[in-house]
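Survey of secondary and tertiary structure
Each chain is listed here by its residues.
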Amino acid sequence: VSAFLLNRSSDLEIVRWGLFPSVQLGWAISNEKWFPKSNVLNYLLIKAGYDISGNDDISNYAARTSFGVTKYLYRSTAAVLDNIGNETISWEQTGKANVGLKAWLLGNRLGIDFDYFMHHTSNLLTLKSFDNPVAGINNYWSNGGSLDNRGFEVTVTAKPIVARNLTLEVGV
């Protein structure tokens, strides 16, 4: 499976379009003619993938300087600075790589799914503080920092009851 997503962000002022490709590959080795047929190992799939995704889940006005209207003493109205924009802000970008395998064992009664993943996010959307607040505004949105996340997921599935009209499947 492969996908290429061209996404538009209306929340960001300058950088509006981004390409987010994805590819996932799998090889069901147990479907090969040379794979030995056995009641111990019934199915074996090796899988790997890589994709890039974006996140712009912040205020629609984060990139724009904006003013609001307020009332004082129930009579006077005034324009008040609501936000100090950052025109260089862009979305976060996360690269995700994964490798794993899926197997069914013992007459398809026991399943194991193992995935190892590595995620790297750059251009984290963060609120930065001004050294000297401007018109009562203490912070603004910016890109700063990165985040790495690595780990694994394991799913074990058992089918203790497999009958003609009833199958019980339990997973952890």
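For the structure itself, look to the data block above.
The notes below deal with the structure included here.

**Overview of the pattern of salt bridges**
Charged atoms that come close allow side chains of opposite charge to pair. Tallied over the entire structure, the rule returns 2 salt bridges. Close ionic contact of aspartate 113 with lysine 47 constitutes a salt bridge, the shortest N to O distance being 2.9 Å. With aspartate 113 in strand β7 (residues 110–122) and lysine 47 in strand β3 (residues 41–55), this residue pair connects regions lying 66 residues apart in the sequence. Judged on exposure class, the residue aspartate 113 and its partner lysine 47 are both buried. Between aspartate 115 and lysine 47 there is a salt bridge, with the nearest N and O atoms lying 3.5 Å from each other. Of the two residues, aspartate 115 sits in strand β7 while lysine 47 sits in strand β3, which places them 68 residues apart along the sequence. For lysine 47, a relative accessible area of 19% gives the class buried. The network of salt bridges with shared partners includes Lys47, Asp113 and Asp115.

**Observations concerning the environment of asparagine 143**
With respect to the helices and strands, asparagine 143 occurs in strand β9 (residues 137–143). Along the chain, asparagine 143 and leucine 127 lie 16 residues apart, while their C-alpha atoms are 8.4 Å from each other. Look past the residues within four positions of asparagine 143 in its chain and what remains in contact with it is Thr88, Ile89, Ser90, Trp91, Asn123, Leu124, Leu125, Thr126 and Lys128. Within polar-contact distance, the side chain of asparagine 143 engages the backbone oxygen of serine 90 at 2.8 Å. Side-chain polar atoms of asparagine 143 contact the backbone oxygen of asparagine 123, separated by 2.9 Å.

**Some details on unusual backbone geometry**
Within the chain, leucine 106 stands out as a residue other than glycine whose phi angle is a positive 55°. With respect to the secondary-structure elements, leucine 106 resides in the loop between β6 (92–105) and β7. For asparagine 123, which is not a glycine, the phi torsion comes out positive at approximately 60°. By the element assignment, asparagine 123 lies in the loop between β7 and β8 (125–134).

**Focus on the pairing of strand β4 (residues 66–72)**
Sheet topology places β4 next to strand β5 (residues 76–83); 7 bridges connect them, and they run antiparallel. Residue pairing in the sheet places phenylalanine 67 in a bridge with leucine 81 of β5. Count of turn residues in the β4/β5 antiparallel hairpin: 3 residues, of which leucine 73 carries a positive phi of about 55°.

**Overview of the pairing of β7**
Across 13 bridges, the pairing between β6 and β7 is antiparallel. Within β7, the position partnered with threonine 94 by the bridge is threonine 121. Here β6 folds back onto β7 in antiparallel fashion, the turn holding 4 residues, of which leucine 106 has a positive phi close to 55°. In this sheet, strand β10 (residues 146–162) lies alongside β7 in antiparallel orientation, the contact comprising 13 bridges. Following the sheet pairing, aspartate 115 is matched in β10 by glutamate 153.

**Quick notes on the side chain of aspartate 115**
Look at aspartate 115 and you get buried, because its relative accessible area is 17%. In this structure aspartate 115 touches Lys47, Asn98, Val99, Gly100, Gly151, Phe152 and Glu153, once residues within four positions along its chain are discounted.

**Brief notes about a nonpolar patch on the surface**
A surface patch of nonpolar side chains, amounting to about 840 Å² of accessible area, comprises Trp27, Trp34, Ile46, Leu101, Ile112, Phe114, Phe152, Val154 and Val156. Elements supplying a minimum of two residues to the nonpolar patch: β7 and β10. Mapping phenylalanine 152 onto the fold places it in strand β10. The class for phenylalanine 152 is exposed, based on a relative accessible area of 58%.

Conventions and cut-offs
- Residues numbered from 1 in each chain as written.
- Predicted model: local features only at pLDDT ≥ 70, side-chain atom pairs only at ≥ 80, totals over all residues.
- Heavy atoms only, no water.
- Salt bridge = Lys/Arg side-chain N within 4 Å of Asp/Glu carboxyl O.
- Helix = DSSP H or I, 4+ residues; strand = E, 2+ residues; numbered from the N terminus.
- Buried < 20%, exposed > 50% of the residue type's maximum accessible area, 1.4 Å probe, protein only.
- Contact = heavy atoms within 4.5 Å.
- Polar contact = N/O pair within 3.5 Å; in protein donor to acceptor, adjacent residues only side chain to side chain.
- Pairing = 2+ DSSP bridges.
- Patch = residues over 30% accessible without salt bridge, like charges linked within 9 Å, V, L, I, M, F, W, Y side chains within 5 Å.
- Areas by Shrake-Rupley, 256 points an atom, 1.4 Å probe, with all protein chains shown as cover.

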